[in-house]
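A closer look at the structure
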Amino acid sequence: MKIMAIDYGDARTGFAISDRSEFLASPIGTVPERNAERLADKAAQTAAEYGAGEIIVGLPINMNGTEGPRAEKCRAFAELLKERTDLPVRMWDERSTTVTAHNILNETNVRGKARKAVVDTVAATIILEGYLEYRRKKAMLKKVHKKAGIAFLCVMAALAVLAGRIAWINYNHGDAYSKAVLDHQTYTSTTIPYKRGQ
């Protein structure tokens, strides 16, 4: 499934999209728009054009875990987007995303106007990469739990078989012992003559 990520901004908003395998995240541009409703229209249109099955909106949570005015704006934008598409729209923690984007651009020596044009779409890509990694780990844990459940059932089945085997052995050995005792009693009573005075 393709997933689109949005780094919402007051003046510029960055978009990114994943491939269907959810392995790669790629920047797909920045939209210079200050009107939230028009931006939501554009975002919904872009998601449809790229065939996205889900939309992630970055949520700027403070380092102490609280949400400020910026987070409220992002949540409000996400609600506008939900009204314009049938796709699931989820919020995703984007703490330090912009700083990371600037660091990447520093390493690639992207400066000035060029940086201003791409920093938001790079930030959206970083947001998307984080979300894709989360989904991969979640899927892996699900597989591990499934395998653990199957292994547990196999162990329980083996224990049940073993318990049945032990019960069968005890049952048959018990019958043999009883038979041996009876045979011995029969033998002694029929072969040893009774002597008076004994």
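Given the structure is predicted, the values throughout are model-derived calculations rather than measurements.

1. A few points about the packing of aromatic side chains
Summed over the entire model, instances satisfying the criterion amount to 4 aromatic pairs. Residues Tyr8 and Phe77 carry aromatic rings whose centres are separated by 4.6 Å and whose planes lie at 10 degrees to one another, so their mutual orientation is stacked. With Tyr8 in the loop between strand 1 (3-7) and strand 2 (12-18) and Phe77 in helix 2 (residues 69-82), this residue pair connects regions lying 69 residues apart in the sequence. Across this residue pair, the class does not change: Tyr8 and Phe77 are buried. Ring centres of Trp92 and Tyr131 lie 5.1 Å apart, and the angle between their planes is 75 degrees; this geometry places the pair in the edge-to-face category. Of this pair, Trp92 sits in strand 5 (residues 89-93) while Tyr131 sits in helix 4 (residues 112-191), and the two are 39 residues apart along the sequence. Classification of Tyr131 as buried rests on a relative accessible area of 5%. Taken together, the aromatic side chains of Trp92, Tyr131 and Tyr134 make up a single cluster linked through ring pairs.

2. Examining a nonpolar patch on the surface
On the surface, Phe152, Leu153, Val155, Met156, Leu159, Leu162 and Ile166 cluster together to form a nonpolar patch covering roughly 680 Å² of accessible area. Within the secondary structure layout, Leu162 lies in helix 4.

3. Here we look at the packing of helix 1 (residues 36-50) against helix 2
Axis separation between helix 1 and helix 2 bottoms out at 9 Å; the angle between their running directions is 55 degrees. In terms of orientation, helix 1 lies oblique with respect to helix 2. Between helix 1 and helix 2 lies a crossing whose hand is right-handed. Taken together, the residues of helix 2 that come into contact with helix 1 (itself represented by Ala36, Glu37, Leu39, Ala40, Ala43 and Ala44) are Phe77, Leu80 and Leu81. Split by residue class, the contact of helix 1 with helix 2 holds 8 nonpolar, no polar and 1 charged.

4. A short note on unusual backbone geometry
Its identity as a non-glycine residue notwithstanding, Glu22 has a phi of 60 degrees, on the positive side. Looking at the secondary structure, you find Glu22 in the loop between strand 2 and strand 3 (25-32).

What counts and what doesn't
- Residues numbered from 1 in each chain as written.
- Predicted model: local features only at pLDDT ≥ 70, side-chain atom pairs only at ≥ 80, totals over all residues.
- Heavy atoms only, no water.
- Phe/Tyr/Trp six-rings, centres within 6.5 Å; stacked < 30°, edge-to-face > 60°.
- Helix = DSSP H or I, 4+ residues; strand = E, 2+ residues; numbered from the N terminus.
- Buried < 20%, exposed > 50% of the residue type's maximum accessible area, 1.4 Å probe, protein only.
- Patch = residues over 30% accessible without salt bridge, like charges linked within 9 Å, V, L, I, M, F, W, Y side chains within 5 Å.
- Areas by Shrake-Rupley, 256 points an atom, 1.4 Å probe, with all protein chains shown as cover.
- Salt bridge = Lys/Arg side-chain N within 4 Å of Asp/Glu carboxyl O.
- Axes fitted to C-alpha atoms, helices over the stretch in contact; angles between N-to-C directions.
- Parallel < 35°, antiparallel > 145°, perpendicular 65-115°, else oblique.
- Left-handed = near helix turned anticlockwise from the far one by under 90°.
- Contact = heavy atoms within 4.5 Å.
- Nonpolar A, V, L, I, M, F, W, Y, C, P; charged D, E, K, R; others polar.

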